Amino acid sequence: MSQILPQYLMLPGPTPLPQAVLQALSGPMINHRGPEFAELFREIEAGLKWVFQTQHRVLMLTGSGTTGMEAALTNLFSPGDKVLALSNGSFGERFGQMAEIYGLEVERLAYEWGEIVSPQALSARLEADTQKQIKAVLVVHNETSAGVLNPLRELSEIISRHGALSIVDAISSLTSTPVQMDEWQLDVVLGASQKGLMVPPGLAFVALSPKAWVAHRSAELPRFSLDFSVTLEYAEQGWTPWTPPISIFHGLRVALAMMREEGLEAIQARHLLLRNTAREGLEQLGLRLMIENPDHASCSVTPVYPPEGLSADLIRSHLHQHYNMVLGGGQRKLTGQIFRIGHLGYQFQPTIWAVLQALEAALSQLQKS
Ligand SMILES: Cc1ncc(COP(=O)(O)O)c(C=O)c1O
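About the thresholds
- Residues numbered from 1 in each chain as written.
- Predicted model: local features only at pLDDT ≥ 70, side-chain atom pairs only at ≥ 80, totals over all residues.
- Heavy atoms only, no water.
- Helix = DSSP H or I, 4+ residues; strand = E, 2+ residues; numbered from the N terminus.
- Rg over C-alpha atoms; globule rule 2.2 N^0.38 Å.
- Buried < 20%, exposed > 50% of the residue type's maximum accessible area, 1.4 Å probe, protein only.
- Contact = heavy atoms within 4.5 Å.
- Areas by Shrake-Rupley, 256 points an atom, 1.4 Å probe, with all protein chains shown as cover.
- Lys, Arg positive; Asp, Glu negative; His and termini not counted.
- Charge placed at Lys NZ, Arg CZ, Asp CG, Glu CD.
- Near = heavy atom within 4 Å.
- Polar contact = N/O pair within 3.5 Å; in protein donor to acceptor, adjacent residues only side chain to side chain.
- Nonpolar A, V, L, I, M, F, W, Y, C, P; charged D, E, K, R; others polar.
- Domains from an automatic or database assignment.
- Buried area = accessible area lost by both parts, 1.4 Å probe.
- Salt bridge = Lys/Arg side-chain N within 4 Å of Asp/Glu carboxyl O.

We now examine the overall build of the protein chain. Across its full length, the protein chain holds twelve helices and 13 strands. Rg of the C-alpha trace for the protein chain: 21 Å, near the compact-globule value of 21 Å for 369 residues, within the 12% margin. Principal-axis analysis of the C-alpha atoms places the extent of the protein chain at approximately 65 × 55 × 35 Å. Counting all 369 residues of the protein chain, 60% fall into the buried class. Residue pairs in contact within the protein chain that sit at least 24 positions apart in sequence constitute 73% of those at least 6 positions apart. About 15,100 Å² of surface is accessible on the protein chain, with carbon and sulfur atoms providing 52% of the total. Charge separation in the protein chain, taken as the distance between the mean sites of 27 positive and 35 negative side-chain charges, equals 2 Å.

Structure (structure tokens):
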């Protein structure tokens, strides 16, 4: 591969960065206990509230998306609490496993990877819980491993009716897909910097409803650096309790300003166009989409099966080697079986066209060899 060929990073995170963000990332180190950082912090928090569509505070933790998931569990529950984990892919399974490791009683409502979580089944399960033993429902909005979008609004209505907390992993859906924290009465919403927010990995975001803060006050699981009370206490001064990734804060300020300029609805419409362009192009190449129903298909990532006789990973390595295009692979039990085109964050239609063209060429080259 030529060293000068620019890279096409087509992953559902980390995602490509705009030039202005790259420049901002090289901003100076500042005192994280000083007024400049507090101003940066407050501006970013206001931007995140807009992204999450919430009036509530959005906590910022150093770490990745998984850090936010772990913090939600340790800050909201006590050993033996019962949670219902909805799962239709790798991240839903991970959330349930993590809850088990922390000593929670985990019941699963599990589906084949790529099927959507059924609102009817959730409703039936929660209606049967007349003793209100289920304290929370763990939901992955956009299941990145299978490219499937769960019907969050409907699921959340059902959870609110029961009274359990909704804990929503919106890590790969924020910005590409509507997430209306307050209007949909979501209790905990999780995000991560390297996904649709157009900055590098390093920050996890957690927004909590007043009901979630009440649950936090009696939660007994041990935690230290991810404690929400301590994080809140510092957030009130515009600070984080521990040294923050200052460079990412510099980048995020610029990324949020770019997002505000484009507008949330326009960002979502762009992602819908990217998804549709990818799906149509892949079908025209004769490939089988993993998510057949477009209403269930993710706006952040499109998984697809390779043609008969070709391995998904061979196609990916060919695209990497010859065109410097990096596509996602199948995760865990889907390893080698699918490949995934990420179209999240700073992505535009011509890039999808380029990937489809390169894919057409790669398939023909590989089928001849
Ligand atoms: C839906 C979802 N949840 C959780 C995670 C885990 O995030 P991280 O890798 O940042 O820890 C990811 C990452 O791809 C994700 O897509």
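For the rest of this paragraph, the subject is the site of the ligand. Taken together, the neighbourhood of the ligand is formed by 14 residues, with S64, T66, T144, D169 and K195 sitting nearest. Contact distances for the ligand include 2.4 Å between an oxygen atom and a side-chain N or O atom of T144. Burial of the ligand by the protein chains amounts to 87% of its free accessible area of 380 Å². Counting residues per element, the shell around the ligand draws most heavily on helix α3 (residues 65–76), which supplies three residues. The class makeup of the residues in the shell around the ligand is four nonpolar, seven polar and three charged.

Bringing the domain arrangement of the protein chain into the picture now. Domains assigned within the protein chain are domain 1 (8–15 + 264–368) and domain 2 (20–260). Here domain 1 and domain 2 have C-alpha centroids that lie 27 Å from each other. Listed by partner, the interface residues are 26 residues for domain 1 and 30 residues for domain 2. Note on domain 1 versus domain 2: buried area summed over both sides is about 2,300 Å², and carbon and sulfur give 60% of it. Taken as a group, L264, H296 and R332 account for 25% of the area that domain 1 buries against domain 2, more than any other trio of residues on that side. Seen at the junction of domain 1 and domain 2, the total is one salt bridge. For R332, the salt bridge is made with E93, and the minimal N-O distance between the two is 2.9 Å.

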